[in-house]
Amino acid sequence: MTSKSARGERVPAQRLPVARVCVDVPLAHLDRPFDYLVSEDLDEVAQPGVRVKVRFAGQLVSGFLLERAESSPHGGKLAYLDKVVSGERVLDPEVARLARAIADRYAGNLCDVLRLAVPPRHARVEGQAVAADSPEPEPEPGSDADTSTGSDAGPGEMRAPAVGGWDSYAAGPAFLKALEEGRGARAVWGALPGEDWALRIAEAAAATARGGRGTVIVVADARDLERVDKALVEVLGEGRHVALNAALGPAERYRRFLRAGRHQVAVVAGTRAAMWAPVAELGLVVIWDDGDDLHAEPRAPYPHAREVLLTRARLADCSAMVAGHARTGEAQLLLETGWAKEISAARNVLRARAPGVAPTGDDPQLARDPGAATARLPSIAWETARKALQAGAPVLVQVPRRGYLPSVACAECRTPARCPHCSGPLALAGSRDVPSCRWCGRVSAAYTCPACGERRLRASVVGARRTAEELGRAFPGVTVRTSGRDEILGTIPQAPSVVVATPGAEPHAEGGFGAVLLLDTWALLTRSDLRAAEETMRRWFNASALAKPGSQGGRVVVVADGSLATVQALIRWEPGWFAARELAERRELSFPPAARMASLTGKPEAIAEMLAAARLPDGAELLGPVPADDDQERMLVRTSRSQAAAMAHALHEAAAVRSARKAALPVRTEVDPLTIF
DNA sequence: TCAATCCGTATC
DNA sequence: ATACGGATTGAC
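Residues numbered from 1 in each chain as written. Chains lettered and ligands numbered in written order. Predicted model: local features only at pLDDT ≥ 70, side-chain atom pairs only at ≥ 80, totals over all residues.

**Regarding the overall build of chain A**
This is how the line gets drawn: Elements are defined by DSSP. Helices are runs of H or I of four residues or more, strands are runs of E of two residues or more, and each kind is numbered from the N terminus. Every C-beta atom is placed from the backbone, and the number of other C-beta atoms within 10 Å of a residue's own sets its class: buried at 20 or more, exposed at 12 or fewer, partly exposed in between.
Of the regular secondary structure elements, chain A holds 19 helices and 28 strands. The proportion of buried residues among the 677 residues of chain A is 50%.

Structure (structure tokens):
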């Protein structure tokens, strides 16, 4: 598909001879379309959305054809498109508009966003897969790529409309009705503890599909995706959706992307990258557990899945659902501005479903039982776990993620340092010299080794496995397993066993956990992080949601003081109350999401240059600098939400001035940075 | 006065 | 990266 004829004479296409192209050059001052001539022989294939090759500044670069036009505003001569890479229209017009809006919001380049939005081409897959109206081919013999749902199944029948579980929520049935009728509905859904949330989301997608429209579902990790994938098969039948997993190989990823782009499926579910998936007649976007860090894209311009999906819903004028057991400040803001409506269960339904929650409080009394001496657990926690195990139920223990905090031991005799109050492991929080307890959070300023009297401490790593061993001794005869980064458990049976898990790696228990012990107070301790309390809350709600209802004996013990707002919110199961409180506090402090922040990271002179070039909106504040890694520093720019677009625009322009000057030192610009100090 | 060279800028 | 235009320099 090259535009050169034998002797190089090219004739422009008769109709719409101009192609507007986004070139793949990540320089801010080149972040605009460039016009090329379409030769007659490429006229047919040079459609909006195809990948092209063009000569740009003497080099052959790739790009996307954005649109065809009758003429160009460009004064000089236009070059011809060199080549159309393939006729596959991989950049959906709806996604192209979204990508531009996201580039603008995040002060980034369109081509960077398109790199995130469109997976790399895999020519063989393009050839294999067939057009929407042809029957599916058999998977190649010997190919193991087609193991998961949606890639090779034929169209299945949709299950009869079932509202079912949505009846538990006051506004639930009305929301599904709106989806089915194609009326725009925007919701923040607080899922009940024990809720089969994946099934509810699948039902929402099915309602949208009955109205003839498509759905995009984004979850944080592969395990959540697996649940959604199963639920979609259950509700929609086989072959109506694709699951886009970050772990897929390039061929399979592209194959599934093409199925979506060719409109062979009604629903796309996946991790982060699926937020860009092309879907015909988009009717609904869903994000589950929007507070999870994994929803933040680590590549420039660092867009967040929630913001991308909400922007997508605005541009496509479709429904949106921000969902989770916990509620983020951002979700709360959607409610308070009236953009979205709340979907929550009535108090009596909640009471029937929620586990009983108890804090260990200020009573660090250790159990008197012989086992407890080695258990090193507060007595309430130990008792609760023991009862659950006796009743034949599994117990979940949530412990801090390994690696964040080095535990400490005596510098002399290496005896692990224990909290004098609760005997939890002591750890060094941040750069502080004062150790604090991983379980109860108390600071132990004057620690003395009980074995040898030494006062100095040394760092020593104690991971989840060690915690598991200790717990094993506390509950003799019970299987203790760990679930963490390296080995994540999926589902465990209803039987007496203990699972020690790090946040986000908790398995799902059939019939629910009899007891959940929350020892993870790490996030609470790091006061420097703006989102510390919100993150603690999220981890606690997510783990507690895995417990049985209180009426069936489900208990949660949180190793913390009952007077803390986070603990109160958990006891009363009021994610909304906590989020409102949190948002009010951030308003007070002018912190996100009440205000918009951007961070600039780089060498001091580079940042100074950037700020000198930036025509920031009135009222923009500069905060910092704070030191960053290797001789770099970080400046924060803060504006009101109404000035956010102007700030992003100013930062992008400033970056353009610098890139046009070929500034040597890079500055990393992040709008809505994940951490602000 | 003209060519060779340098530098900055745009890149369709 | 490379190509181009305008300015600068140096030789006739």
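**Brief notes about the sheet that holds strand β21 (residues 497-501)**
The line we're drawing: For two strands to be treated as a pair, DSSP must find no fewer than two bridges joining them. As a rule, the C-alpha atoms of each element are fitted with a line to give its axis, helices using only the stretch in contact, and angles between N-to-C directions run from 0 to 180 degrees. Two residues form a contact once the distance between their C-beta atoms, set from the backbone, is within 7 Å.
Strands sit in the order β13-β24-β23-β14-β21-β19 across an open sheet of 6 strands; the sheet is parallel. Since the sheet does not close on itself, it has two edges, and those belong to β13 (356-359) and β19 (479-483), each with one partner. Direction aside, neighbouring strands of the sheet carry axes that sit 15 degrees apart on average. Taken together, the 4 bridges between strand β23 (residues 515-518) and strand β24 (residues 555-558) define a ladder with parallel strand orientation. Its bridge partner being in β24, A515 is matched across the sheet by R555. Set on the sheet, helix α15 (residues 532-544) makes contact with β13, β14 (395-398), β23 and β24; between it and β23 the angle comes to about 165 degrees.

**Regarding the packing of helix α5 (residues 197-210) against helix α6 (residues 222-236)**
Basically, it comes down to this: For this classification, under 35 degrees means roughly parallel, over 145 means roughly antiparallel, 65 to 115 means roughly perpendicular, and everything else is oblique. Take the far helix as the reference: if the near one is turned anticlockwise from it by less than a right angle, the crossing is left-handed, and if turned clockwise, right-handed.
Closest axis-to-axis distance for the α5/α6 pair is 8 Å, and the angle between their directions is 45 degrees. In terms of orientation, α5 and α6 fall into the oblique class. Note that α5 runs across α6; the crossing there is right-handed. Together, A198, L199, I201, A202, E203, A205, A206 and A209 of α5 and R227, V228, A231, L232, E234, V235 and L236 of α6 make up the contact between the two elements.

**Examining the nonpolar core**
This is how it is decided: Among buried residues, those of type Ala, Val, Leu, Ile, Met, Phe, Trp, Tyr and Cys that are joined through C-beta atoms within 7 Å form a set called a nonpolar core.
In this structure, I201, V268 and V286 are the most contacted members of the largest nonpolar core, which totals 184 residues. Counting residues per element, this core draws most heavily on α5, which supplies 9 residues. Among all residues touching V268, those that are not within four sequence positions of it are V216, H241, V242, L244, A260, A274, A277 and V279. Listed in part, the 11 residues of the second largest apolar core include C410, C419, L426 and L457.

**Notes on the protein's contact with DNA strand B**
Counted only if it meets this: To decide whether a residue is near a molecule or strand, its C-beta atom is placed from the backbone and checked for lying within 6 Å of it. In the scheme used here, Gly and all other residues not listed as nonpolar or charged are polar, with Ala, Val, Leu, Ile, Met, Phe, Trp, Tyr, Cys and Pro taken as nonpolar and Asp, Glu, Lys and Arg as charged.
The local shell around DNA strand B consists of H29, L30, F34, D35, Y36, F56, A57, S72, H74, L78, A79 and A660. Residue contributions to the surface near DNA strand B peak at 3 residues, all from strand β2 (residues 34-37). Its residues assigned to classes, the surface near DNA strand B comprises 8 nonpolar, 3 polar and 1 charged.

**Things to note about the sheet that holds β2**
The antiparallel open sheet is built from 5 strands, whose spatial order is β2-β1-β4-β3-β5. The sheet is open, and its two borders are formed by β2 and β5 (81-84), each paired with just one other strand. Across the sheet, the axes of successive neighbouring strands diverge by a mean angle of 45 degrees, strand direction being ignored. Across 3 bridges, strand β3 (residues 51-56) lies against β5 in antiparallel orientation. Note on β5: the bridge partner recorded for V54 is L81.

**Some thoughts on helix α18 (residues 604-613)**
It helps to recall that an α-helix has 3.6 residues per turn; residues three or four apart then point in one direction. Worth spelling out the cut-off: For this quantity, the arc is that covered by the directions from the helix axis to the C-beta atoms.
When α18 is considered as a whole, its buried residues turn out to be A606, I607 and M610. Along the axis of α18, the buried positions cluster into a sector of 95 degrees, meaning they face one direction only. Seen from the buried face of α18, the exposed residues on the opposite side, beyond 90 degrees, are E605 and A612. Where α18 is buried, its residues meet β25 (595-602), β27 (633-640), α19 (644-660) and β28 (667-671).

**A short note on the packing of helix α1 (residues 93-105) against helix α2 (residues 110-117)**
Describing two packed helices takes the angle between their axes plus the distance from one axis to the other. Across the interface, α1 lies against α2 with an axial gap of 9 Å and an inter-helix angle of 130 degrees. Considered as vectors, α1 and α2 are oriented oblique to each other. Where α1 crosses over α2, the two elements pack in a sense that is right-handed. Judged by residue contacts, V95, A99, R100, I102 and A103 of α1 engage L110, V113, L114 and A117 from α2. For the contact of α1 with α2, the per-class residue count stands at 8 nonpolar, no polar and 1 charged.

**A short note on the confidence of the model for chain A**
Selection rule: Summary of the metric used: pLDDT quantifies the predictor's per-residue confidence within the range 0 to 100.
Counting all residues, the mean pLDDT for chain A is 87, and 86% of those residues have values of 70 or more. Counting interchain partners and residues more than four positions distant, the pLDDT-below-50 stretch residues 131-163 has 51 contacts. Confidence drops under a pLDDT of 50 for residues 363-375, and excluding neighbours within four residues, the segment shows 27 contacts in the predicted structure.

**Remarks on α5**
The line we're drawing: By this rule, a helix spans an expected 1.5 Å times one less than how many residues it contains.
With 14 residues, α5 ought to run about 20 Å at 1.5 Å a step, and its terminal C-alpha atoms sit 20 Å apart, in line with that. With 12 of its 14 residues buried, α5 lies for the most part within the structure. Those residues of α5 that sit buried are W197, A198, R200, I201, A202, E203, A204, A205, A206, A207, T208 and A209. Buried residues belonging to α5 abut α4 (172-180), β7 (214-219), α6, β9 (267-271), β10 (282-288) and β11 (319-324). One or two steps after α5, the chain reaches G212, where phi turns positive at roughly 80 degrees.

**Section: the pairing of β25**
Burial analysis of β25 places 7 of its 8 residues in the buried class, the great majority of the element. Relative to β27, β25 runs antiparallel, the two being bridged by 8 bridges. Looking at the pairing, A595 lines up with S640 of β27.

**Observations concerning the pairing of strand β1 (residues 18-23)**
Of all the 6 residues making up β1, 5 are buried; the element is thus mostly covered by neighbouring parts of the structure. Of the strand pairs in this sheet, β1 and strand β4 (residues 59-69) are connected by 6 bridges, and their pairing is antiparallel. When the sheet's bridge partners are listed, V23 is paired in β4 with G63. Judged from the 4 bridges that link them, β1 and β2 form a sheet pairing that is antiparallel. Looking at the pairing, V21 lines up with F34 of β2.

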